[in-house]
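Examining the three-dimensional arrangement
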Amino acid sequence: MIENLPVTIATFRDAMARLGAAVHVVTSAGTAGATGFTATAVCSVTDTPPTLLVCLNRNASAYAAVVENGVLCVNTLASTQQALSQAFGGKTLMAERFAHGQWTTLQTGAPVLHGAIANFDCRIVNVLQIGTHDVLICEAVAILSETESPGLLYVDRNYHSLHTPNAGDR
Ligand SMILES: NC(=O)c1ccc[n+]([C@@H]2O[C@H](COP(=O)([O-])OP(=O)(O)OC[C@H]3O[C@@H](n4cnc5c(N)ncnc54)[C@H](O)[C@@H]3O)[C@@H](O)[C@H]2O)c1
Ligand SMILES: Cc1cc2c(cc1C)N(C[C@H](O)[C@H](O)[C@H](O)COP(=O)(O)O)c1[nH]c(=O)[nH]c(=O)c1N2
């Protein structure tokens, strides 16, 4: 039998760090005000109806406002937008986070980031509590997708560009 690692928070995080993930700035606005946070725990659930999930730590400063607003926008970052990931990734004052980037709105009023590779404007339709996190089940009501720019990848605790070299670059 192969010797396995003890399952601790550290071994779980070290193993999870090996998984590459797209980086998103998840924003919200409404009666509780504008808020946002960086997330990699985002996943497609079903296309009928078009549904994503977003995992949000209940200790995050954005948590209460996101749940009260009941809407959010998943802004999937381009490789040139690493500074936004850092600004929304913790500790920065909320007003300062939105000083980075240019913002508009679509259907829900959640801030929509200009230059993202995709924007999913969503209503939160269900919430599951799992441990420290809420799993937000989100139905997309409007989408923008800009396919030209390479995406931003987070893996091994570092950022990378998802630029795929074409034949001319090799
Ligand atoms: N799902 C999440 O809540 C999540 C995901 C990624 C990063 N983060 C946070 O971002 C910061 C930097 O992360 P890092 O990747 O550089 O190093 P890290 O060692 O804190 O995390 C490594 C990996 O473990 C997972 N992870 C980390 N914290 C988690 C949590 N509380 N719940 C579930 N999964 C978690 C993520 O996949 C992460 O990429 C940390 O504060 C981390 O907690 C949180
Ligand atoms: C690359 C990367 C990826 C993630 C995060 C961070 C970073 C840098 N964070 C953490 C989250 O962005 C951070 O906790 C919030 O911004 C809350 O910080 P404040 O409580 O506002 O300081 C995060 N948090 C969360 O609840 N779900 C997630 O999927 C992620 N993913």
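On a predicted model such as this, the values are computed, not experimentally measured, just so you know.

Rules used throughout
- Residues numbered from 1 in each chain as written.
- Chains lettered and ligands numbered in written order.
- Predicted model: local features only at pLDDT ≥ 70, side-chain atom pairs only at ≥ 80, totals over all residues.
- Heavy atoms only, no water.
- Helix = DSSP H or I, 4+ residues; strand = E, 2+ residues; numbered from the N terminus.
- Rg over C-alpha atoms; globule rule 2.2 N^0.38 Å.
- Buried < 20%, exposed > 50% of the residue type's maximum accessible area, 1.4 Å probe, protein only.
- Areas by Shrake-Rupley, 256 points an atom, 1.4 Å probe, with all protein chains shown as cover.
- Patch = residues over 30% accessible without salt bridge, like charges linked within 9 Å, V, L, I, M, F, W, Y side chains within 5 Å.
- Salt bridge = Lys/Arg side-chain N within 4 Å of Asp/Glu carboxyl O.
- Near = heavy atom within 4 Å.
- Polar contact = N/O pair within 3.5 Å; in protein donor to acceptor, adjacent residues only side chain to side chain.
- Nonpolar A, V, L, I, M, F, W, Y, C, P; charged D, E, K, R; others polar.
- Pairing = 2+ DSSP bridges.
- pLDDT = per-residue confidence, 0-100.
- Contact = heavy atoms within 4.5 Å.

1. Thoughts on the overall build of the chain
Broken down by element type, the chain carries 4 helices and 12 strands. For 170 residues, the compact-globule estimate of 2.2 N^0.38 gives 15 Å, and the C-alpha radius of gyration of the chain, at 17 Å, lies within 12% of that figure. Taking the principal axes of its C-alpha atoms as reference, the chain extends roughly 55 × 50 × 35 Å. Burial analysis of the chain (170 residues in total) assigns 34% to the buried set. Total accessible area computed for the chain in this model is approximately 9900 Å², and 56% of it derives from carbon and sulfur atoms.

2. A word on a nonpolar patch on the surface
A surface patch of nonpolar side chains, about 320 Å² in accessible area, is lined by Phe12, Met16 and Leu19. Mapping Leu19 onto the fold places it in the loop between α1 (9–16) and β1 (21–22).

3. Notes on the site of ligand 1
Inspection of the region around ligand 1 gives Arg13, Met16, Ala17, Thr40, Ala41, His133, Tyr154 and Arg157 as its neighbouring residues. Within the side chain of His133, one N or O atom sits 2.7 Å away from an oxygen atom of ligand 1. Summarising the interface, the protein chains cover 59% of the accessible area of ligand 1, which totals 640 Å² for the free molecule. Per-class residue counts for the shell around ligand 1 are 4 nonpolar, 2 polar and 2 charged.

4. Considerations on the sheet that holds strand β11 (residues 152–155)
Through backbone hydrogen bonds, the strands of a sheet pair up, either in parallel or in antiparallel fashion. Across the sheet, which stays open at both edges, the 3 strands sit in the order β1-β11-β12 with antiparallel pairing between neighbours. A single partner strand is all that each edge strand has here, and the edge strands are β1 and β12 (158–161). By the bridge criterion, 4 bridges tie β11 to β12 in an arrangement that is antiparallel. The partner of Val155 across the bridge, within β12, is Asn158.

5. Topic: the confidence of the model for the chain
Scored by pLDDT, the chain has a mean of 94; 95% of the residues are at 70 or more. Predicted as a complex, the structure gets a pTM of 0.96 and an ipTM equal to 0.98.

6. Remarks on the side chain of Thr76
Structurally, the position occupied by Thr76 is in strand β6 (residues 71–76). On the basis of relative accessible area, Thr76 is assigned to the buried category, the value being 7%. Among the polar contacts listed, one links the side chain of Thr76 to the side chain of His24, at a separation of 3.0 Å. Setting aside residues up to four positions removed in sequence, Thr76 forms contacts with Ala22, Val23, His24, Gln81, Ala116, Ile117, Ala118 and Phe120.

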